[in-house]
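A structural walkthrough
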Amino acid sequence: MKRLFALSALLMYCCVTPIQAVEFDVLRHQMVQEVLSDLAETSKYSGGSSIFGPHVIAALEKVERHRFVPTSQVSSAYLNRPLPIGNGQTISQPFIVALMTELMQVKDDDKVLEIGTGSGYQAAVLAELANSVYSIEIIKPLGEKASERLRSLGYQNVKTRVGDGYYGWQEAAPFDAIIVTAAASHVPPPLIKQLKPGGRIVIPLGTQFMTQFLMLVEKMEDGSLTTRQILPVRFVPLTGGH
Ligand code: SAH
């Protein structure tokens, strides 16, 4: 009986796991197709990108979103939707992750900063494209869990920290691009300071109860800023003491 149990456990391990992995690959590919069709829809009226670069698509195809959601959400991991990740927070919709990543125009020698680590998924997508990723989360249990997850998945080029991202990560500045994944009432001045000339900040602006807009802020070589409104979005609020 014991042996039979051991055998079935072994079968479960060697047979079920690979099949599930293949299913996840298929589901992830379908998710990417949905993200692409969402782009075709929204680019008609938004000032956003009308195409996603091949590297952004490859990163979405690669990063296993099901590893970034709680067990109760694994079956929904490849829906093109935001999902709860605990502590009242959410992992962003894959389309929004793709759009924000595209707007950042990350190059492979870039150093980028993320405010709002959450599950670590966006950081992992950025880690596929950038040289190094710095990510700050204000909720300690989320930040610690994401840090452990990214480490166990082998993302050595991501550094995380628990703290208030409003103030950026001064010791690691300047950054080539900055992404804020929670809605703020304004662009935090410390982030503008920590951005290289020629760099970009992608940030949702607005309050929790009013329409928020995804904004692209570019810092010109002379230090001046240009701001472009991309599309209406809905994010959890940027919290903290500022
Ligand atoms: N990028 C995340 C999604 C994050 S949701 C992902 O891929 O899963 C937004 C996150 O921003 C939440 O986890 C929230 O706790 C965090 N946050 C809110 N205000 C913050 C602040 N001032 N500094 C750092 N993180 C903050």
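The structure displayed is predicted, hence computed values, not measured ones.

About the cut-offs
- Every chain is numbered independently, its residues counted from 1 as its sequence is written.
- Per-residue local features are limited, in this predicted model, to residues with pLDDT of at least 70; the limit for side-chain atom pairs, both in listing and counting, is 80 or more; totals at the level of whole chains, interfaces and linings are taken over all residues.
- Remark: hydrogens and water are excluded; side-chain values derive from all non-hydrogen atoms of the structure.
- Consider each residue's heavy atoms; a residue with any of them within 4 Å of a molecule or strand counts as near.
- We define a polar contact as two N or O atoms separated by no more than 3.5 Å, with the added condition that, inside protein, one atom must be a possible hydrogen donor and the other a possible acceptor, whereas residues neighbouring each other in sequence contribute only through side-chain atom pairs.
- Every helix listed is a DSSP run of H or I at least four residues long, and every strand listed is a run of E at least two residues long, numbered separately from the N terminus.
- Under the scheme applied, nonpolar residues are Ala, Val, Leu, Ile, Met, Phe, Trp, Tyr, Cys and Pro; charged residues are Asp, Glu, Lys and Arg; polar residues are all the others, including Gly.
- Among the buried residues, those of types Ala, Val, Leu, Ile, Met, Phe, Trp, Tyr and Cys that are joined through side-chain atoms within 4.5 Å form a nonpolar core.
- Relative accessible area decides the class of each residue, using a 1.4 Å probe on protein chains only: under 20% of the type maximum gives buried, over 50% gives exposed, and in between gives partly exposed.
- The contact criterion used throughout is that any non-hydrogen atoms of two residues lie within 4.5 Å.
- For two strands to be treated as a pair, DSSP must find no fewer than two bridges joining them.
- Here the axes come from fitting lines to C-alpha atoms, over the contacting stretch only for helices, and the angles between their N-to-C directions go from 0 to 180 degrees.
- Here pLDDT means the predictor's own confidence in every residue, given as a number from 0 to 100.

So, the site of the ligand
- By nearness alone, 26 residues border the ligand, and Ser119, Glu137, Asp164, Gly165 and Thr239 come closest of all.
- Asp164 places a side-chain nitrogen or oxygen 2.8 Å from a nitrogen atom of the ligand.
- Of all elements in the fold, only strand S2 (89–91), strand S3 (111–115), helix H4 (121–127) and strand S4 (132–137) reach the threshold of two or more residues within the shell around the ligand.
- When residues in the shell around the ligand are grouped by element, the largest group, three residues, is from S2.
- Its residues placed into classes, the shell around the ligand shows 11 nonpolar, 12 polar and three charged.

Looking at the nonpolar core
- If you look at the biggest cluster of nonpolar residues, it comprises 51 residues, and the most contacted ones within it are Phe95, Leu99, Met104, Val112, Tyr121, Val133 and Leu214.
- Considering each element in turn, this core owes the most residues, eight residues, to helix H3 (residues 94–104).
- Non-local contacts of Val133, meaning those with residues more than four positions away in its chain, are made with Val112, Ala123, Leu126, Ala127, Asn157, Val158 and Lys159.
- Ile136, Trp169, Ala182 and Leu195 belong to the second largest nonpolar core, which has 21 residues in total.

Let's talk about the side chain of Asn80
- Topologically, Asn80 is positioned in the loop between helix H2 (54–62) and strand S1 (83–86).
- Of the polar contacts made by the side chain of Asn80, one reaches the backbone nitrogen of Phe95; its length is 3.1 Å.
- Sequence-distant contacts of Asn80, defined by excluding residues within four places in its chain, comprise Glu34, Val35, Asp38, Gln93, Pro94 and Phe95.

Notes on the pairing of strand S8 (residues 212–219)
- Counting buried positions along S8 yields six of eight residues, so the element is predominantly enclosed.
- The antiparallel hairpin formed by strand S7 (residues 195–205) and S8 contains six residues in its connecting segment, where Gly206 sits at a positive phi of about 140°.

Digging into the sheet that holds strand S9 (residues 225–233)
- Judged by pairing direction, the sheet is mixed, and its seven strands sit side by side in the order S5-S4-S3-S6-S7-S8-S9 without closing on themselves. One side of each edge strand has no neighbouring strand; the edge strands of this open sheet are strand S5 (158–162) and S9. Here the average twist between neighbouring strands, direction ignored, is 15°.
- Pairing between S3 and S4: five bridges, direction parallel. From the neighbouring strand, Glu114 faces S4, where its bridge partner is Ser135.
- Most of the contacts of helix H5 (residues 140–152) go to S5, to which it runs at about 160°, and overall it touches S4 and S5.

Considering the confidence of the model for the chain
- Across the chain, the average pLDDT comes to 91, with 90% of residues at 70 or higher.
- At the level of individual helices and strands, the chain shows its lowest average pLDDT in helix H1 (residues 2–42), which scores 72, and its highest in S3, which scores 99.
- This model gives residues 1–16 a pLDDT under 50, and the stretch forms three contacts once residues within four places in sequence are excluded.

Topic: unusual backbone geometry
- The amide bond that connects Ala173 to the next residue, Pro174, takes the cis arrangement and shows omega of 5°.
- Residue position: Pro174 is located in the loop between S5 and strand S6 (175–180).
- With a phi angle near 55°, Asn87 is a residue other than glycine that sits in the positive phi range.
- With respect to the helices, strands and loops of the structure, Asn87 is situated in the loop between S1 and S2.
- With phi around 50°, Gln105 is a residue other than glycine that occupies positive phi space.
- Relative to the helices and strands, Gln105 is located in the loop between H3 and S3.
- By relative accessible area, which is 46% here, Gln105 ends up partly exposed.

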